[in-house]
Amino acid sequence: MIKTIAYLGLGTMGSGMASNLLKAGYELTVWNRDREKCEPFARKGAHVADAPADTVSDVDLVMYCLSNDQAVEEVVFGAKGILSGINEGQIAMDMSTVLPAMSLREQEAYTKHGVDFIDAPVFGSKQESANAKLWIMAAGNKAIYEKVKPVLEHLGQTVHYFGKNGNATAMKLVGNLIVALEMEALAEGLVLAQKAGLELNTVMKVVKVADFRSPLLVSNGQNILKRDFSTSFALELMLKDASLIEKFAESLQSPTPALRVVQKNLESAVALGFGKENASAVIKALEKEAGVEVKARAPAKIPAVS
């Protein structure tokens, strides 16, 4: 039974997951490049390590959620990285969004150390992470998956097993392709509705009930109308993921023509300075081109009765 866990990477997603591991009663050791982000966890009883190697040396399970392939390269393979501190018999789990090739490289390296490896990226954003409502993909040895599944169930509302290593990471990129296309469709649709003079609150009422509805469209559409672009999933990270999807699809000779359109608009929105905002800010590139701002009208004032 897993009792002690190391969690590395306390960003938007990792901080929520690490908090839920503490709530579930696991003995937790944390590490983050910016040590200041570790302090709230230390106050709740977590141990804080100075380097990845120190974080992982004496735990049952090592978990990490990092921003990109380069960060995984540094934290796993770098000087004082996980591989220099991990021991035979431990389990490592990468919850980052990376290329399947990176997952397979990790598996190979861990196997040489006698360590089992699971790739387990997640769907969901800041709120789902904080509320333990993520949708989790997992791949690797089935027996090891069954061993870590109870841990994952403290973090997500569903856990899905995809077989051999790399398959969960592949599913994450498939899902993020769908997300990117949905966000682009929403942005284009709302800009067109604005240009057509439609009442946007009524437009969103239709989006909420029609057969093309989705929670992603509804929540992001409502926030766009309020001009709320506070970050759940950063625009610049969606652009990063689009590049990963492109590489992955090209490696399989799988066509993704619509992705090129999304990438262009993501690049434009980042160039305009919106990269740190929510991914829904991709609409700002289209707004600039269209010469409009998508915003709900203020409610009409009722004349005072004299």
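Note: the structure precedes this text.
Every chain is numbered independently, its residues counted from 1 as its sequence is written. A pLDDT threshold of at least 70 governs which residues receive local features in this predicted model, and a stricter bar of 80 or more applies before side-chain atom pairs are shown or counted, although totals over entire chains, interfaces and linings include all residues. Values shown for side chains rest on all heavy atoms present in the structure; no hydrogens or waters enter the calculation.

### Details of helix α9 (residues 200-209)
- All of the buried residues in α9 are L200, V203, M204 and V207. In a view along the axis of α9, the buried residues occupy a sector of 95°, so they form one face of it. Facing away from the buried side of α9 by over 90 degrees, the exposed positions are K205 and V209.
- Only heavy atoms matter for contacts: two residues are in contact if any of them lie within 4.5 Å across the pair. Each helix is a run of H or I in the DSSP string that is no shorter than four residues. Each strand is a run of E no shorter than two, and both are numbered from the N terminus. Buried positions along α9 lie against α8 (167-195) and α10 (215-225). A 1.4 Å probe rolled over the protein chains alone gives each residue an accessible area, and that area as a share of the maximum for its type sets the label: buried under 20%, exposed over 50%, partly exposed in between. An arc is given here, and it is the one of the directions from the helix axis to the C-beta atoms.

### Things to note about the side chain of N265
- Among the structural elements, N265 can be located in helix α12 (residues 257-271).
- Apart from the residues lying within four places of it in its own chain, the contact partners of N265 are E184, V282, A285 and L286.

### Remarks on the sheet that holds strand β7 (residues 122-123)
- Pairing is mixed in the open sheet, where three strands are placed in the order β7-β8-β9. If you trace the sheet from one side to the other, it starts and ends with β7 and β9 (156-161), each paired once.
- Each pair of strands is called paired provided DSSP finds at least two bridges between the two strands. In terms of strand pairing, strand β8 (residues 134-138) meets β9 through five bridges, oriented parallel. Of the residues in β9, the one forming a bridge with W135 is T158.
- Running at roughly 175° to β9, helix α7 (residues 142-152) makes contact with β8 and β9 of the sheet. Each axis is a line fitted through C-alpha atoms, and for a helix only the stretch in contact is used; angles between axes span 0 to 180 degrees, taken between their N-to-C directions.

### Describing the packing of aromatic side chains
- In this analysis, rings of Phe, Tyr and Trp, with Trp reduced to its six-membered ring, are considered paired at centre separations within 6.5 Å, and the interplanar angle assigns stacked below 30 degrees, edge-to-face beyond 60, and tilted for intermediate values. By the definition in use, this model includes two aromatic pairs.
- Taking the centre distance of 5.5 Å and the plane angle of 20° together, the rings of Y110 and F117 count as stacked. F117 carries the same exposure label as Y110, and that label is buried.
- Stacked on the ring of F77, the Lys or Arg R105 has its end atom at 4.0 Å from the ring centre. Should the NZ of a Lys or the CZ of an Arg lie within 6 Å of a ring centre and within 35 degrees of the ring normal, that charge is described as sitting over the ring.

### A closer look at the nonpolar core
- Nonpolar cores are built from buried Ala, Val, Leu, Ile, Met, Phe, Trp, Tyr and Cys residues. Side-chain atoms within 4.5 Å join them into one set. One finds L190, I224, L266, I283 and V294 to be the most contacted residues of the largest nonpolar core, which totals 38 residues.
- Mapped by element, the contributors of at least two residues to this core are α8, α9, α10, α11 (235-251), α12 and α13 (283-290).
- Here this core gets ten residues from one element, more than from any other, and that element is α8.
- Apart from the residues lying within four places of it in its own chain, the contact partners of L190 are L200, V203, M204, G221, I224, L225, I283 and V294.
- Y7, L21, M63 and M93 belong to the second-largest nonpolar core, a separate cluster that totals 34 residues.

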